[in-house]
Amino acid sequence: MKAGRVKAGPVKAGRMALAGNLAVLAAGLAALFGLPAFAETYLIINSTIFAAFAILALSLALIWGYAGILCFGQAAFFGLGGYTYAVAAINMGETTLPALMAVLLPALFAGLLGYFMFWGRISDVYLGVITLTVSLIFYRFVNQTAGEQWNIGDAPLGGFNGIPSTPILNWPGRAGDQLAPEDIFALSVGLLLAVYFGCKLLLATRFGRILVAIRENETRAELLGYDVRLYKLAIFMLGGAMAGLSGLLFANSVFVSPTMFSLPVSGQIIIWIIIGGLGTLIGPVIGCILMQVLTNWLGTVSQIKGFGWVDPNLVLGVLLVIFVLLVPRGLTGLAAGVWSWLKGLANRAPAERSATREQTDP
Amino acid sequence: MDYLVILLLQIGSAVASLVLMSIGLAVIFGMMRVINLAHGEFLMLGGYAAITAFNHGVNLWLAMVVVAPLAVGLFGAVVERLVIRHLYGRLIDTMLATWGLSLAMIGFVTVVFGNTVSGISAPLGSLSIGAYRTGAYEIFLIGVAVLLLVAGWLVLRFTRYGLIARGTMQNPAMAAALGTNPSAVYAVTFAVGSALSGLAGGLLAPLSGVVPTIGAAYIAKAFITVISGGAAILSGTAIAATLLGAINTLATFAFTSVLGEVALLVAAVVLLRLLPQGITGRFFRRAL
């Protein structure tokens, strides 16, 4: 009897995880095929932005939640991806190669920065400061690139205004044959699903387990013979690539501008993760979509007369403080807590009954 | 010759504003190992307090030197009670919570004062050196920065509060065993750090004006100065501010003001790579 129960644990957990994965897949496919059927273009474009941001959320969820690297400047890779794509696409015309570059260049830059930080043994706050500073450097620099002297080939960087004429992706090999907003939407949601399950698979491998080990205790992982620096560098580069991909999709649904590099963008990602739940993948995605819907809604509410005090910053800030103080595990942690509490309630009654019977039996 | 003098004055002024910007953060981080990401907004609040008081007829100097630090100091005491107190020893969580606080403050101030620039003109007029002119107020700020550093050193070195503060900083458990109350020391420290930020915000308001989002311009520089300075609160801040301020001004003179800022940031990144514990983590270790 007892042995059976012990065995049931992991099997049950595995089944739960499978059910969770299937639910995510179903939700993703429903959005992918369901939404374009009835939604207007405005909603489609908005949802594309959500999907792009969700990939951005995943990029930090992976490196912060699983490898313990708190990067305050994830926006640097996001903006770099967008700008790389815009500049390369304007110069080349055909957009397949620029799209690849938008993923590769941020990854390479993350590699450079990561080499600098991880081989310097910089950690914690200091890492936060350096990443924050780097994204600020980009922001300040790109902000002042108005004027002819800052053209890269045919592409004007445009300073504060960004590049409003960011080209839209075309079908591979057919320059000028642009994707419709519905296609960009499908591409974004498809990529979001691919990235999400890619992360899941990665974390299930030996590499993923070593990452978690490093997060839990860096010294111990190092003493066990793993080159911590190399693992951190690899995951940091992957995070950079994902953020670049997100920037590419964002550039295709809005356009690139220096705000992509700004502090509020980096901060937003952190809020999504804290609200959704650090150390999970689905939490940050949920947090991202919830927060985006909330910010959009607050934006419209604060326009209404008498509701001018509803400032998105005010609400987001108070929410963040409340979550850090009272719900440190985020919404997913909260949900798991409520679930096990309910299960405890349901189990208690029969358990008490059997306990009393055992007492009376002999 | 005149050019050299003006260059030195510019460097001094840049260093002084870095010192003013970061001294409140340095006190809080150095003593409590708490990173206050709302620090920029504390400065912003100081600016608004000074300008509001001035617009209501308070003498400008009184508004900057008394009203601003008092208002922000009180605000800091409340924040310490409500938020910071619950997060001691959890560095990352404090950063996140204070970052939420900073957003909330930006939102609140936007709602109250509107998203517009307000300002007061700098007092004291200007000063001519040869063919160049410079604001006398900037020179006054250099004096204030030096005064603050010296006063801070005297307090830490020679007063009873300074002794308790240093003891708590080095070993809170031992200080508690000897009869002090670390939680009270932390509360006072946070309020003092906030008041210093308020003072700096008030004093810098005539130079930069105030907008609800001005904190972002302060926080990065303050953050960088304090972290590059390292463990010693006063000398670390002073040395880092001197180094970074000089680099900033020289690059501004040689290129443009934006490249000056970029040079400052790049210098800080390189500095942290070479000295991950900050300047006073390697040199002048026993300084205050």
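Residues numbered from 1 in each chain as written. Chains lettered and ligands numbered in written order. Predicted model: local features only at pLDDT ≥ 70, side-chain atom pairs only at ≥ 80, totals over all residues.

K.L.:
Sorry, what's going on with the overall build of chain A here?
P.N.:
Looking only at helices and strands, one finds 13 helices and two strands in chain A. Across its three principal axes, chain A shows a C-alpha extent of roughly 95 × 55 × 45 Å. Taken over 362 residues, chain A has a buried fraction of 42%. Within chain A, counting contacts between residues at least 6 apart in sequence, those at least 24 apart form 75% of the total. (Helix = DSSP H or I, 4+ residues; strand = E, 2+ residues; numbered from the N terminus. Buried ≥ 20, exposed ≤ 12 C-beta atoms within 10 Å, placed from the backbone. Contact = placed C-beta atoms within 7 Å.)

K.L.:
It is not clear to me how the nonpolar core should be interpreted in this structure. Could you clarify?
P.N.:
Soluble globular proteins tend to bury their nonpolar side chains together. Ranked by size, the top nonpolar core spans 197 residues in total, and within it Ile55, Ala57 and Leu58 of chain A carry the most contacts. For this core, the element with the most residues is helix α1 (residues 2-32) of chain B, which contributes 16 residues. Leaving out residues up to four positions away in the same chain, Ile55 of chain A has contacts with Leu191, Leu192, Val195, Met242, Leu245, Ser246 and Leu249 of chain A. (Core = buried A, V, L, I, M, F, W, Y, C linked by C-beta atoms within 7 Å.)

K.L.:
Help me understand the interface of chain B and chain A in this model?
P.N.:
Facing 34 residues of chain B, the contacting portion of chain A comprises 35 residues. Counting residues per element, the ones that place at least two in the side of chain B that touches chain A are α4 (91-113), α9 (215-229) and α11 (257-274) of chain B. When residues of the side of chain B that touches chain A are assigned to their parent elements, the largest contribution, 16 residues, is made by α4 of chain B. Class assignment for the residues of the side of chain B that touches chain A results in 26 nonpolar, five polar and three charged. (Nonpolar A, V, L, I, M, F, W, Y, C, P; charged D, E, K, R; others polar.)

K.L.:
What's the story with the environment of Phe185 of chain A in this structure? I'm lost.
P.N.:
All names here are of chain A. Structurally, Phe185 can be placed in helix α6 (residues 181-204). Overall, Phe185 belongs to the buried group, with 29 C-beta atoms counted inside 10 Å. Sequence separation between Phe185 and Val310 is 125 residues; the distance between their C-alpha atoms is 31 Å. Filtering out sequence-adjacent residues up to four positions away, Phe185 remains in contact with Pro36, Ile44, Ser47 and Thr48.

K.L.:
Sorry if this is basic, but what is going on with the environment of Phe253 of chain B here?
P.N.:
If you trace the backbone, Phe253 of chain B turns up in helix α10 (residues 233-254). With 150 residues separating them in the primary sequence, Phe253 of chain B and Leu103 of chain B have C-alpha atoms 34 Å apart.

K.L.:
What is the right way to look at the confidence of the model for chain A in this model?
P.N.:
Do not read the fine detail of predicted coordinates wherever pLDDT is low. With 91% of its residues at a pLDDT of 70 or more, chain A shows a mean pLDDT of 83. Within the model, pLDDT remains below 50 along residues 1-8 of chain A, and this stretch shows zero contacts once partners closer than five positions in the same chain are excluded. (pLDDT = per-residue confidence, 0-100.)

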